[in-house]
Amino acid sequence: MPITVSVKTTERIDMVDITRFVQQEVLKAGVTDGLCVVYVPHTTAGVTINEGADPAVCSDMIAKLKELVPPNDGYRHMEGNSDSHIKTSLMGSSVTVLVEGGRLALGAWQKIFYCEFDGPRSRKFFVKAFNC
Amino acid sequence: MPITVSVKTTERIDMVDITRFVQQEVLKAGVTDGLCVVYVPHTTAGVTINEGADPAVCSDMIAKLKELVPPNDGYRHMEGNSDSHIKTSLMGSSVTVLVEGGRLALGAWQKIFYCEFDGPRSRKFFVKAFNC
Amino acid sequence: MPITVSVKTTERIDMVDITRFVQQEVLKAGVTDGLCVVYVPHTTAGVTINEGADPAVCSDMIAKLKELVPPNDGYRHMEGNSDSHIKTSLMGSSVTVLVEGGRLALGAWQKIFYCEFDGPRSRKFFVKAFNC
């Protein structure tokens, strides 16, 4: 099993700041200078990097994704969550961040957000950090 | 030359499950625990990870991409495939997956899809797997 | 500090071909066969890979992104750049490219584009290349 972290989401569409959990795994792994990949093994949840200072950035992003890809839009997939699958591919299933001196080399305003598109649910993600 | 795999697409817009070909290259490379990058060297084809159980998920995704980025929409690029280029950037040119015990650490429902946006064509993709 | 490259953008929304700067860093790092990650540490700028031969491809992409995510669209974030944040997540904060024989293994038409969504500004990006 890869290094696996659990995350709980509380809305159907939700962006959860997971930066500190990712940072923790980088430290535990003893990685000092290299890369860190965060991978989401679900098909209705993704991951992105964006501004974490003002929560309105996430709520604006969620509102726009809902507008571009509404929940009921004549989809053929019968589980009622085609929009969640589509939003997942728009955001992507992984992010890659540099590690320097044991720290994620994020920009001043960047946070890593778990993107739930079919919650609320108990979810997970993988962290793979390595020196290189 | 990187490890290169050929793929044939059969529609102008098409999502082809390439998971087994990627897995095969990981095994051939003898990679046990690390990462695998799938890279598409074209500008009108991309790659994404999503649900592979119900083909309706892909057809819903294709329908939505066609709606958001229609083929003829007053584009300036004269080759008639600006929509294909735009869809490619929305999906992305690569995916990164963890490898554990020689297997791609995909979620239960995840498959890797080659996303053709200007087919049908003979295409290719690169696979780079390594222990880390 | 990771290897950092500066880039100037000249429009609010702008796609700048940074391929040669990335290639230069790969050479400087002495990486022959492996991977190269280009990472943008900003929250209103991203990076994508697409066609570099005809500038109309980029202008069509920019026009479509403006249409899908217009600048003023009832956003709650008060800085007036919610659209820039959303466009950033649609494009992504990093790209990963294979390196072979010291060269980026890009397709014939592929270039790496820095995607400015809240310029013009002085920006930067990180390059991490390694043998693997």
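No experiment lies behind these values; they were computed from the predicted model shown.

### A look at the pattern of salt bridges
All names here are of chain B. On inspection of all chains with the given rule, the structure shows 24 salt bridges over all chains. For the salt bridge of R12 with D118, the shortest nitrogen-to-oxygen distance reads 3.8 Å. Of this pair, R12 sits in the loop between β1 (3–8) and β2 (14–17) while D118 is found in the loop between β7 (110–116) and β8 (122–131), placing the two residues 106 residues apart along the sequence. Across the pair E116 and R123 runs a salt bridge whose closest N-O atoms are separated by 2.8 Å. Of the two residues examined, E116 and R123, each falls in the buried class.

### With respect to helix α1 (residues 19–28) of chain C
The α-helix advances 3.6 residues per turn, and as a result positions three or four apart in sequence lie on the same side. Residue and element names in this part refer to chain C. Within α1 the residues assigned to the buried category are T19, V22, Q23, E25 and V26. The buried residues of α1 all sit within an arc of 160° when viewed along its axis, so they share a single face. The outward face of α1, more than 90 degrees from its buried face, is lined by the exposed residues R20, L27 and K28. With its phi angle positive at about 70°, G30 sits one or two positions after the end of α1.

### A closer look at the interface of chain A and chain B
How big an interface is tends to be stated in terms of accessible area lost as the parts join. Facing the 28 residues of chain A at the interface are 30 residues of chain B. Taken together, the two surfaces of chain A and chain B that pack against each other cover about 2,300 Å², and 59% of this comes from carbon and sulfur. Counting the surface chain A buries against chain B, the share from its top three residues, Y39(A), S89(A) and K128(A), is 26%. Applying the counting rule to chain A against chain B returns one salt bridge. A salt bridge links K64(B) to D73(A), with the nearest nitrogen and oxygen atoms 2.7 Å apart. Inspection of the region where chain A meets chain B yields 14 residue pairs in polar contact (both at pLDDT 80 or more). The leading source of residues in the side of chain A that touches chain B is helix α3 (residues 82–91) of chain A, at six residues. Residue classes in the side of chain A that touches chain B are distributed as 15 nonpolar, nine polar and four charged.

### Brief notes about the sheet that holds strand β7 (residues 110–116) of chain C
Residues and elements named next belong to chain C. Read from one edge of the open sheet, three strands run β2-β7-β4, paired in antiparallel fashion. Where the open sheet ends on each side, the last strands, each with one partner, are β2 (14–17) and β4 (45–51). The mean inter-strand angle of the sheet, taken between neighbouring strand axes irrespective of direction, is 35°. In this sheet, β7 lies alongside β4 in antiparallel orientation, the contact comprising seven bridges. Bridge assignment links N50 to a residue of β7, and that residue is K111.

### Regarding the interface of chain A and chain C
On the chain C side, the residues contacting the 30 residues of chain A number 28 residues. When residues of chain A are sorted by the area they lose upon contact with chain C, D60(A), K64(A) and L98(A) head the list and together hold 24% of the total. Taken together, chain A and chain C are joined by one salt bridge. Our count for the chain A to chain C interface comes out at 14 residue pairs in polar contact (both at pLDDT 80 or more). Of all the secondary-structure elements, those providing two or more residues to the side of chain A that touches chain C are β3 (34–39), β4 (45–51), α2 (55–68), α3 and β5 (94–100) of chain A. Top contributing element to the side of chain A that touches chain C by residue count: α2(A), with eight residues. In terms of residue class, the side of chain A that touches chain C is made up of 16 nonpolar, seven polar and seven charged.

### What about the relation of the copies chain A and chain B?
With an RMSD of 0.0 Å, the fit of chain A onto chain B corresponds to turning through 120° and sliding 0.0 Å along the axis. Considering both components of the superposition, the chain copies are consistent with a three-fold axis. Closest approach to the rotation axis within chain A is made by the C-alpha atom of L90(A), at a distance of 3.5 Å. A share of only 11% of interface residues in chain A that are also interface residues in chain B marks the association as one of differing surfaces.

### Things to note about the packing of aromatic side chains
According to the stated counting rule, one finds nine aromatic pairs over all chains in the structure shown. Geometrically, the ring pair formed by F130(A) and F130(B) is edge-to-face, given 5.8 Å between the ring centres and 65° between the ring planes. Of the two residues, F130(A) is situated in strand β8 (residues 122–131) and F130(B) in strand β8; the pairing between them involves two chains. For F130(A), a relative accessible area of 6% gives the class buried. An aromatic cluster of three or more residues is present, and its members are F130(A), F130(B) and F130(C).

The rules we used
Residues numbered from 1 in each chain as written. Chains lettered and ligands numbered in written order. Predicted model: local features only at pLDDT ≥ 70, side-chain atom pairs only at ≥ 80, totals over all residues. Heavy atoms only, no water. Salt bridge = Lys/Arg side-chain N within 4 Å of Asp/Glu carboxyl O. Helix = DSSP H or I, 4+ residues; strand = E, 2+ residues; numbered from the N terminus. Buried < 20%, exposed > 50% of the residue type's maximum accessible area, 1.4 Å probe, protein only. Arc of directions from axis to C-beta. Contact = heavy atoms within 4.5 Å. Buried area = accessible area lost by both parts, 1.4 Å probe. Polar contact = N/O pair within 3.5 Å; in protein donor to acceptor, adjacent residues only side chain to side chain. Nonpolar A, V, L, I, M, F, W, Y, C, P; charged D, E, K, R; others polar. Pairing = 2+ DSSP bridges. Axes fitted to C-alpha atoms, helices over the stretch in contact; angles between N-to-C directions. Least-squares fit on C-alpha atoms with pLDDT ≥ 70 in both. Phe/Tyr/Trp six-rings, centres within 6.5 Å; stacked < 30°, edge-to-face > 60°.

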